[in-house]
Protein chains: 2
Amino acid sequence: MPTSISTVTVLGAGVLGSQIAYQSAYKGFPVIAYDIDDEALRAAQKRFDHLAATYLNEVPGADDETTQAALARLTLTTDLGQAADADLIIEAVPELLDVKQQTYSTLATLAPQHTIFATNSSTMLPSDLKESTGRPDRFLALHFANRIWSSNIAEVMGTADTDPAVYEAVVEFAVAIGMVPIELHKEKAGYVLNTLLVPFLRAALELVAGGYAEPGDVDNTWRIGTGAPVGPFQIYDVIGMRTPYNIMSHGDEDAQQMAAWLKKNYIDKGKLGLATGEGFYKYF
Amino acid sequence: MPTSISTVTVLGAGVLGSQIAYQSAYKGFPVIAYDIDDEALRAAQKRFDHLAATYLNEVPGADDETTQAALARLTLTTDLGQAADADLIIEAVPELLDVKQQTYSTLATLAPQHTIFATNSSTMLPSDLKESTGRPDRFLALHFANRIWSSNIAEVMGTADTDPAVYEAVVEFAVAIGMVPIELHKEKAGYVLNTLLVPFLRAALELVAGGYAEPGDVDNTWRIGTGAPVGPFQIYDVIGMRTPYNIMSHGDEDAQQMAAWLKKNYIDKGKLGLATGEGFYKYF
């Protein structure tokens, strides 16, 4: 069984799936991008074209040749049988447990024995999915961040069943596509980045929702005190209010109160962040 | 009663007290620096001379003339009666409740009626001290960060008794000495900066002490994921292990376990951070 990865499939060509596929192609891998129907594939093609333009503008060294060559390495398909034929399948389908489990159950019957399955799930642990893969030893999480070309971390997290050689092959693949691999030694909800971000953003919201300080002053404090380019409320505005709201409304009593405050003062007023032109700050 | 501040005393010329005094003098204020005996004053004079050299190197626009003029505006004294004669007294004496209360009780009898008292305490609330001042309406917290010339935030926090005009005068003073004032609307242990830092640093330590990830990977994640210049373990190394240890050893059960882990793996091995040449990273 080969441990080195030379062909890649990305399942789900949404915002992050399309970035994973394009980045892998940009770094020289032939990539199959799978989505469920022709409409989804047309949207995917638009995303890929847009990514080519974005890379041209934002990625050092990118030029017409390299960004177009990446497009040429991408094969779009709605045929899961075709998609299953790869050394590595990165799953980025919707964050619904039954959708993911069904996807893995089908893949299990279609993919070659040696194929490694990796989930990009943000909200589930690989343990939640491993049984449905039929190959827990060749399954793990490989979690990317939005704006993969600059926020180039890839969190790698296996279960107790993951073969160390498979884990290592995926770490090497992450490096090969230009990522800085972040190796988790065991499962942790939120991986590394969200484990840091969630309590940080919560503490910031506590200051403002509790009436202690204004968002601009909190951000100033963090920027000046730590040298960071952005403060927590600028991060809220980039992420948007919905994800923090969802996390906090499933938390303890204090968190639920903050979620209610966020809903009343921001979400219900359409102030969802940068994407809507206003969040904690106004953008137009 | 004048509300504008033109003369300043700093009580305690330790690491931060000397920075507050020098910065105020650098911005044109005549400053009295008080400490308890001649030995403390000799140490203070060395700190001021060192600060003059540091400003010359690190502060944009600083030159021999401005850094020496700041030194000339500083008066060192062990006479609390002389020190008490100022529009604003910033207290930066050791973080011991009885020492601070005793200082305020004495000051209360020595200082002119109009004098504003401000504590730089990191660990106490102004409410813990206000009774001993004899003038709760003219008392509040004014909290600075280390390396005041670049980390130029001044957190301003009153009690329910603080006169709003006094609060405003202190905010204006903070601006006048080149600070970005961070206005707290009510008392909060840890002010803004530590309210953000403490849970952030705790979450990072949880990842490492829990065996989930290595310090370098956690720092990479934060730097790449948020664009920050430093990750949490670089911050630990700058702060040193003792303060986080003290905070966590007074926390909940999980925090106490992390404190014990920090003690066993770092403090007991002399790995206290940057100042000792090794912490989570090695520096020589």
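The structure we're discussing is the one just above.
Residues numbered from 1 in each chain as written. Chains lettered and ligands numbered in written order. Predicted model: local features only at pLDDT ≥ 70, side-chain atom pairs only at ≥ 80, totals over all residues. Heavy atoms only, no water.

1. Quick word on the relation of the copies chain A and chain B
Basically, it comes down to this: To superpose the copies, least squares is applied to the C-alpha atoms of every residue with a pLDDT of at least 70 in both. In this analysis, two residues are considered to be in contact whenever any of their non-hydrogen atoms come within 4.5 Å of each other.
When chain A is fitted to chain B, the residual RMSD is 0.0 Å, and the transformation amounts to a turn of 180 degrees plus an axial shift of 0.0 Å. Here the copies are linked by what is in effect a two-fold axis. Scanning chain A for the C-alpha nearest the rotation axis identifies A228 of chain A, at a separation of 2.2 Å. Most of the interface of chain A is mirrored in chain B: 100% of its interface residues are interface residues there too.

2. With respect to the pattern of salt bridges
Cut-off, in case you're wondering: Note on definitions: salt bridges are taken to be side-chain nitrogens of Lys or Arg within 4 Å of carboxyl oxygens of Asp or Glu. Strands here mean DSSP runs of E at least two residues long; helices mean DSSP runs of H or I at least four residues long; both are numbered from the N terminus. Only protein chains enter the calculation, and the probe is 1.4 Å; a residue is then buried if its accessible area is under 20% of its type maximum, exposed if over 50%, and partly exposed in between.
Enumeration according to the criterion identifies 16 salt bridges over all chains in this entry. Between D268 of chain A and K263 of chain A there is a salt bridge whose closest N-O contact spans 3.2 Å. Across the salt bridge formed by E58 of chain B and R147 of chain B, the nearest N and O atoms sit 2.8 Å from each other. Note that E58 of chain B is positioned in helix α2 (residues 38-58) and R147 of chain B in the loop between β6 (139-144) and β7 (153-158), a separation of 89 residues in sequence. Since its relative accessible area comes to 39%, E58 of chain B is described here as partly exposed. Judged by its relative accessible area of 37%, R147 of chain B falls in the partly exposed class.

3. Here we look at the sheet that holds strand β8 (residues 180-184) of chain A
Residue and element names in this part refer to chain A. Spelled out, the test is: Here, strands pair whenever DSSP counts at least two bridges between them. Between N-to-C directions, angles span 0 to 180 degrees; the directions come from axes that are lines fitted to C-alpha atoms, helices contributing only their stretch in contact.
Here we have eight strands laid out as an open sheet, ordered β3-β2-β1-β4-β5-β6-β7-β8, and mixed in their pairing. Edge positions in the sheet fall to β3 (74-77) and β8, since each has one partner strand and no second. Each neighbouring strand pair of the sheet contributes to a mean axis angle of 25 degrees, computed without reference to strand direction. Pairing between strand β5 (residues 116-119) and strand β6 (residues 139-144): three bridges, direction parallel.

4. What about the environment of S150 of chain B?
Secondary-structure assignment places S150 of chain B in the loop between β6 and β7. With 92 residues separating them along the chain, S150 of chain B and E58 of chain B place their C-alpha atoms 8.4 Å apart.

5. Digging into the sheet that holds strand β3 (residues 74-77) of chain B
Residues and elements named next belong to chain B. The strand order β3-β2-β1-β4-β5-β6-β7-β8 describes an open sheet built from eight strands, whose pairing is mixed. Here the strands that pair on one side only, and so sit at the sheet edges, are β3 and β8 (180-184). The average undirected angle you get between the axes of adjacent strands in this sheet is 25 degrees. As judged from the five bridges shared by β7 and β8, these two strands associate in the parallel manner. Looking at the pairing, A154 lines up with P181 of β8.

6. Section: the interface of chain A and chain B
Formally: In short, buried area is how much 1.4 Å probe accessible area vanishes from two parts on joining, totalled over both. Distance and chemistry together define a polar contact, namely a pair of N or O atoms within 3.5 Å, with one atom able to donate a hydrogen and the other to accept it when in protein, and with adjacent residues in sequence counting only for side-chain atoms on both sides.
Counting residues at the interface gives 44 residues for chain A and 44 residues for chain B. In total, about 3,600 Å² of surface goes out of reach between chain A and chain B, with carbon and sulfur atoms giving 71% of it. Where chain A meets chain B, there are two salt bridges. Of the charged contacts, one joins E206 of chain A and K188 of chain B as a salt bridge, the two residues approaching to 2.9 Å between their closest N and O atoms. For the pair chain A and chain B, the interface holds ten residue pairs in polar contact (both at pLDDT 80 or more). At the level of secondary structure, the elements contributing two or more residues to the side of chain A that touches chain B comprise β7 (153-158), β8, α8 (193-209) and α9 (215-226) of chain A.

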